[in-house]
Every structure is written in structure tokens, then in C-alpha cells.
Amino acid sequence: MVLYNEALVNDGGEPLYSQEDLMHYKNQDDPYRYPNTDWYDLMMKEVTPQVNVSANIRGGSKTVRYFISGSYMYQDGQLKTSQGRIYNPKFSYERYTFRSNVDIMVTKHFTISLDLGGGITDRTQPSDGSDIFAYMNRIPSWIMPATNPDGSYAGTTDFPSENPYYRLNTRGNYRVKNNTITSSIKLEYDFSSVIKGLSASVRAAYDSNFGNQKTWTETVPTYQLLSPAGKEDKYEQLLERKFFGTGSGSTSSTRKIYGEASLKWKRTFKDHSISVLGIANLSEYRTTTSTPYNSISYIARINYAYKQKYFLEANGAYRGSENFAPGHRFGFFPSVSAGWNVHNEKFMKDVKFINNLKLRASFGVTGNDYANTRFIYKEGKWKTGTSGYAYFGDELGSSYGYSTEPVIANPGATWETAYQTNIGLDVTFFKKRINFTVDRFFEKRTGILMSPNSTPSLLGIGVSDMNIGKVNKDGWEFELGYRQNVGKNWSYYAKGNFSFVKNEIIFKDEPEDTPEWLKAEGHALGQYWGYVVEGFFRDQEEINNSPAQNVGGAPIPGDFKYKDIDGNGIINEDDKVIIGYPKIPRITYGVSLGFAYKGFSFDAHFQGSAQSSVFLSNYLMYEFYNRGKVLDIHKGRWTPETAETATYPALHIGATSQNHVRNTFYQKDNPYLRLKSVEIAYTLESKGLKKVGLQSLRTYINGVNLMTWDKLKVVDPETPTGSTGAVYPQTMGVSLGFNFTF
């Protein structure tokens, strides 16, 4: 509140809280009138239960084999909720799944495979969903208590419905139920008695999903305590009660039908192995009300190997999509790959420390038929309205009806294509204890459907996306592992992977008057532009002698001073430059460690990334944003007394502060390392178990998201960039489990 008073003064106002008020808040002698509500401590659980149960049955005979599995999972939410009159607004997720696979050998050459699966999910949450966390991040602790002395929900005239505890428990809930069915049948016939190595199969699949979404809402009054301390409690009702009712509901369904026919021939002639595969498939995907999505593909593949030393594979896919006009619907996408198993060469026989050495190379073309507009080649429909656009005459009176023309269609739109090249090496050393893999890859993506932004607005009509975008990507991938057995009982391993990937926009249609430093071309996807912070303004004289800061409100001493990139004496949108790394990490890595001793085992996995940036804003960084709270970082704010040591600019209340824009101060590097999982297990196999029908019993304890090392602190490093904190947080979990094998 001291900082709030300071921000008010910086904005030309008067302090709101007196010294007496501040003492009451500090001493907490009247927590209802001078609250200090820790919303996270009040509303978050320390522990939430999760249950996973699964069972598998496998068996059969020479002619029939089957596998049946079923599972149940329940996960409770992290927030403390109160049972309402009709509903519980908690976060929860429940899932039932079933799967069966049956293979029937009808004859020696004819096999039928039947697969059937199903699932039921039930997800509930408060009607505000993850926005609850935005309110928890926003509402200051001193604004209101969660409840009043009489147990009613608290509010204020400025925040009548923003109490996070109130919003969690009284605003209703949202429930989604989904029923899923997957099924397929495959008929396979071996024609080897006619043509050796020849087989054929047909497969049909049907998948469906039906969902039911329902939102129930109600409004419960909040009350503001008005009477001073020592007097009888009196309240002002702030909201009118609205009884529980169905606010909205909807159903959704999807259906996918898939058909496939394949013909395969495989033979070995002494040192030569060859196989040929041909596949034709078609699919139809339909949602509740949309026109079905249809596609068709023809695929051919040839594999050749000589003495298990030289390998060659060639593929060709001819794919069709109804998204494009006739004449542009089909694309041909070939690929070829080659491998050389160097270890099988004669000159490698005396190289004992190498157990395997293989070189790989491939080149291929893939296609993407995604378009932002369905049937991009067709003219759209005119849109009409009755008010809000057309006005006639000298004075603005009632508006007239209007019609707007659809965007210009693009009958020439076609497939986006990617040309991919990969070179790799696989090697194993020292009795297969050490394995190493490296891949170098390149991708050139062309014909990306994107908006032609250089089209002048004077055209008066929108233009459909065109196949004009170009993006290049290249990178490295490494994997190194070590595994050692020590006697009969001990073994241990360690392995790590590392990848570095960078991309570059080769062409993006941009307005002609875009300054070179603001163009996306030549830079990475997901790259950020922002203002360069040169420091804090020392005094008004420095402000007067600096370029005009046309960013938000007028600056005061202690505000950010931005760099004049174009040197025209004005700071505006043209002075943004590339800041930080792209939002997509260039570096990702992982490390796994483990050991086993007799029946005991230990496994741990770390994951991390680097060379990415995140923009922290709103409730996660800005002081008093939307009348919100402050963070520890704001204690280092600029004042005339702390001008030389300040680590944060001068504080403001309003939303128009020139400090609250994307700039180098709020753009943070986002490297992190996370202990993703740890598992300790013991497997028991004994004669005693067999007496009760068990082959083995495995007991384990597993932990996920146990530790994280990062620089952000205020938000999880895997939170979507630019987030205000309105996301369900990552959870640290510990599980105890048992696996029974009969």
C-alpha cells in the first residue's frame, strides 16, 4: 500500500492510505477491515489425489490370439472448493478406457484382425475455468478478505465480483463429457502359394466421438462491511442473487471413416533382399455441422538391401485434398534414403572396439494442405446487416442496412511443400556399452499459404491467402548413451540427447513501406520486436532534451528511456527492433540416469531448453495492472532517493504507462532444467507368489516435476509466452503403484 500511495503521487494524485491505515494493515489487528489475504495459501491444496488402475489380459491358441485391456483414471483439482447447493465447482478429470485386439487365423493363409476401443471422459471445472488463477494473480491482498465475519462472501464497490474465492465457489461450473469409440477390421491374405512373397490386405476403420458440454451459472450476492470497528456489523449488498440455471450447453460429434488397401511383395535372393509395397487409402472426417473433409492417397515404397551392408529405399506419395480447386488438388511427394552398414565390411573385422557403424542419408518432399479458409478456391458469401456501417447525409443519424463483399477467392491455391534432407551416423563401441547417434538436417518449406500483406487497403476488398511464404530450417541432433552390466546383479546406464534447431523466414509478403529492421524476412519464426531500454530518465530536463516518447502516457523521471532507432527524434512503432530469442527454443536437451540391482531399479529423467525468450506482462510483471497487486521486483522501483540503485522503473497506477509495452526489460531469457521424473521400483518373483497365482509383483514410487531450475521465478518456464498467469499450473506429483502379473 505504501507503493500504491507512491504510484498515485507519481500519476498526479493524492495518497489513498493514511499512516493509521498502514499500521492497522501491518499489525493485522482487524483482518476484516484491514485484510491481508494470501489467495494462493487460502485456495491451493498442498496435496491432491490421483488414481490410475489398469488391467491387461493376453492369451489365445494357435489360431486365435487376443489382448484385452481396461483402465480407470481420476485426477482431483488443486483448488479448495466448497460444495454448492447443486454442484461442486472443483477441477477434476475422470477417464475410463477399454481396448481389445483379436487376431483370427481362418486358414493358413487368411487372417482377420479385429480391434475395438472405447473411452469415456468427464471433466469439470469452475465456470471461470483457469481465469480463476488470473484473479488470484491480480487481486491485492489488502483489497478484501475472502469472507466477512458473518460468513458471507466479501466484495467492495470497486470489486463487487472479483473476489477469487467467491468466483471459485459460487459462479457455477462447466462440465464436458466425451464418449469415444474406435474400431477397425483388417483382412490379410498370403498369396505365397501362387507368387512367393506376395500378400495383400484391406482395412476399414470407423472412429467416432460424441461430446456434451454444459455450463451452469448462478450469482450469489457479495457484501461489503461498512461499520467501523467496535460497532455492530452492517453490510452493503453488492450483487443481486440469480438462482442456479443452465447458462449454455452444446453437443459436438466427430466421425472418421478410413479405408485402405495394400499389396506387398518381399523376397530374398541370396545376398539381395527386396520388398515392394503399394497402398491406397481414403478418409472422410466429419464434425457436427461441417461439410465432410475428404482426402485420398496413393503410396508406393521399394526397399533394397545387399548383404545387409547397403540399403536403399524409395517412396512416392500421390495425395489429393478437396481444399483446392480441380487441377490443383493432387501433389506428388517422393523421397529416397540410403544406408551403409560399414561394420559389415571386411576391412572392419579387425576393428574390435566398434560393434556397429552405420551411415544414413535421405531426401524427401512432403506436403501440407492446411488452409485458414476452407475451400479457398470458392467465392464466399456476402454478409448483410441492418445497422452499424452505412450512414448518409450531413448528420449522423440512424444507420442503414449494408452488405459486405467476401474476400477474393484463390483458385490457384495448392499444396505447401517441404524439401527435407537428413544425414546421420549411428555407432556403437566397446561391446555395445557406448552408443552415439548424430543427425544433421535441413528443410526448405515453400508455397506456405499466407496473407499478401502488401495488398493496399484502397483495393476495398480482402484477398485470400496465397502460396507465397518461404521458411528454411536446419539443425543438429545428438544422442549419447552408456550401459554397463556388473556381474549378474548390477547394471547401470546414462544417456543424453541434445538438439539445436534454427529457422529463418526467407519470404513473407509485407507492406512496402516497412522499415528493414521491422521486416520478418531474414529472422526466425516467433521472433519478438520491441523497444530498447537505455535506462531510466534522471529528471525532467533529460526528458525535455530526449526524443519525444510517443509510447503510452507522457514520461516522468524514473520511466524507461527508449532508443531512437531511426534517429528522427520521435519514439514510436518504427523504433522497435529484434529483442531476445524467438519464443520457440532453439536448444532442447534431456538426460536419463538409472541403475538396477537384483529386483531394485532406479530411473531419473531431466529435460530442459535454452535460447528462447518469454514476454512477461500484465499481472505477472506490471505493477497494479488493472488495479492489481505488486510483486517483489517492484520493491526496487525508481525514486529520487534510489535513482542510482533502482532495478525497476517508477510506479504507476494507470494502464497507459509508457513502461508497460514490449521492451528489452520485460523480455526475459527462458532457459530451464527440470527433473521431470524419478522412479524407484522393486520387482518380486518367487515361488510363494506362484502359489497364489502370481508370476511377479512390481512395486514402485514415481515422482514428476520434482524440481525446476530457471530464471523466471514468477511463472513456470513452460507456461505459454505472454501469459497473464491465467493457466492451470504445472503440478508436482508423487505416485505409489503396484503391477501384478498373473
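Throughout what follows, the structure given in this document is the object of discussion.

Rules used in this analysis
- Residues numbered from 1 in each chain as written.
- Predicted model: local features only at pLDDT ≥ 70, side-chain atom pairs only at ≥ 80, totals over all residues.
- Heavy atoms only, no water.
- Salt bridge = Lys/Arg side-chain N within 4 Å of Asp/Glu carboxyl O.
- Helix = DSSP H or I, 4+ residues; strand = E, 2+ residues; numbered from the N terminus.
- Buried < 20%, exposed > 50% of the residue type's maximum accessible area, 1.4 Å probe, protein only.
- Pairing = 2+ DSSP bridges.
- Contact = heavy atoms within 4.5 Å.
- Polar contact = N/O pair within 3.5 Å; in protein donor to acceptor, adjacent residues only side chain to side chain.
- 1 Å grid on protein atoms, 1.4 Å probe; cavity = no way out; pocket = protein on both sides within 12 Å on 5 of 7 lines; lining within 4 Å.
- Points joined across faces, edges and corners; volume = space filled by probe spheres on them.
- Nonpolar A, V, L, I, M, F, W, Y, C, P; charged D, E, K, R; others polar.

## Regarding the pattern of salt bridges
In step 1: Counted under the stated rule, the structure contains 26 salt bridges.
In step 2: Within this structure, Asp30, Arg33 and Asp233 form a network of salt bridges that share partners.

## Considering unusual backbone geometry
In step 1: The phi dihedral of glutamine 28 is positive, around 55°, even though this residue is not glycine.
In step 2: By the element assignment, glutamine 28 lies in the loop between helix H2 (19–27) and helix H3 (39–43).
In step 3: A relative accessible area of 29% places glutamine 28 in the partly exposed class.
In step 4: A positive phi angle, close to 55°, is found at phenylalanine 624, a residue other than glycine.

## What about the pairing of strand S14 (residues 354–368)?
In step 1: Sheet topology places strand S13 (residues 330–341) next to S14; seven bridges connect them, and they run antiparallel. Paired with alanine 338 across the strands is alanine 361, a residue of S14.
In step 2: Pairing of S14 with strand S17 (residues 416–429), which is carried by 14 bridges, proceeds in the antiparallel orientation. What sits directly across from leucine 359, in S17, is leucine 425.

## Some remarks on the environment of arginine 637
In step 1: Its location among the elements puts arginine 637 in the loop between strand S29 (613–615) and strand S30 (667–669).
In step 2: Its relative accessible area of 19% is what places arginine 637 among the buried residues.
In step 3: Remark: the alpha-carbon pair of arginine 637 and proline 649, spanning 12 residues in sequence, is separated by 5.2 Å.
In step 4: If we ignore the near neighbours within four places in the chain, the residues touching arginine 637 are Leu3, Glu6, Thr642, Ala646, Tyr648, Pro649 and Leu651.
In step 5: In this structure the side chain of arginine 637 is engaged in a polar contact, spanning 2.8 Å, whose partner is the side chain of glutamate 6.

## Remarks on the layout of surface pockets
Space left empty within the atom packing is revealed by a probe, the size of a water molecule, rolled over the atoms.
In step 1: Taken as a whole, the second largest pocket spans an internal volume of roughly 570 Å³.
In step 2: Surrounding the second largest pocket, 27 residues form its lining, Tyr25, Trp142, Ile143, Thr156 and Gln224 being those nearest its centre.
In step 3: Counted by class, the lining of the second largest pocket contains 17 nonpolar, seven polar and three charged residues.

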